[in-house]
Amino acid sequence: MAKSDTKQFLTEIFAWWRGQTWGTRLWIKRFGNYVGSDEFGNRYYQDKKANRRYVTYAGYADASAIPPGWHGWMHHRTDVVPTDANYKPRAWEKPHQANLTGTAEAYRPDGSLLKTGERPRVTGDYQAWSPE
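Residues numbered from 1 in each chain as written. Predicted model: local features only at pLDDT ≥ 70, side-chain atom pairs only at ≥ 80, totals over all residues. Heavy atoms only, no water.

This part is about the pairing of strand β3 (residues 53–56). Within a regular strand, side chains alternate between the sheet's two faces. Burial along β3 is two-sided: the face carrying Arg-53 and Val-55 and the face carrying Tyr-54 and Thr-56 are both buried. In the sheet, strand β2 (residues 43–47) pairs with β3 via four bridges, with the strands oriented antiparallel. Along β3, the bridge assignment pairs Tyr-45 with Tyr-54. Between β2 and β3, which pair antiparallel one after the other, the connecting turn spans five residues. (Buried < 20%, exposed > 50% of the residue type's maximum accessible area, 1.4 Å probe, protein only. Helix = DSSP H or I, 4+ residues; strand = E, 2+ residues; numbered from the N terminus. Pairing = 2+ DSSP bridges.)

As structure tokens, this is what we get:
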């Protein structure tokens, strides 16, 4: 085994957040049928006997990385696989954006502890009670 193969092997055993683990790989090999993949490289499977559907992520396991068409299929809202139906997203469906919470690029409004500035006042703003 090469060094990168060993690293990949250990990652699949212990790091569930980095894609599929060995247990997932074996389960899908035994019980799953490959259905298709999306533009991000995520792969989708359906159970051979039960009515279960699975996804193995191309990178970190992030449920928001599933496109709208595949999301509908994963949640049994449709039985038609998006690749079979030649799915086209609607105009109001936005493309995927990674969840930036916890990173340096996360949204921080004015007045946040991690951003300079003061929070703008709004109507109906809170007034602290003080005894007279």
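Next, the rest of the story.
A few words now on the sheet that holds strand β1 (residues 32–37). Note: strands within a sheet are paired through backbone hydrogen bonds, in either parallel or antiparallel orientation. An order of β1-β2-β3 is seen for the three strands of this open sheet, with the pairing classed as antiparallel. Edge positions in the sheet fall to β1 and β3, since each has one partner strand and no second. With strand direction ignored, the average angle separating the axes of adjacent strands in the sheet is 30°. Contacts from helix α2 (residues 22–31) reach β1, β2 and β3, with the element oriented near 105° to β1. (Axes fitted to C-alpha atoms, helices over the stretch in contact; angles between N-to-C directions. Contact = heavy atoms within 4.5 Å.)

One number sums up the size of the largest pocket: a volume of about 280 Å³. Taken together, 18 residues make up the lining of the largest pocket; nearest its centre are Glu-39, Pro-67, Pro-68, Gly-69 and Tyr-87. Ranked by the residues each element gives to the lining of the largest pocket, the list is headed by helix α3 (residues 68–74), at three residues. (1 Å grid on protein atoms, 1.4 Å probe; cavity = no way out; pocket = protein on both sides within 12 Å on 5 of 7 lines; lining within 4 Å. Points joined across faces, edges and corners; volume = space filled by probe spheres on them.)

Turning our attention to the pattern of salt bridges. Counting across every chain of the model gives one salt bridge. For Asp-79, the salt bridge is made with Arg-53, and the minimal N-O distance between the two is 3.0 Å. Placement of the pair is Asp-79 in the segment after α3 and Arg-53 in strand β3, with a sequence separation of 26 residues. Asp-79 sits in the exposed class, given a relative accessible area of 63%. (Salt bridge = Lys/Arg side-chain N within 4 Å of Asp/Glu carboxyl O.)

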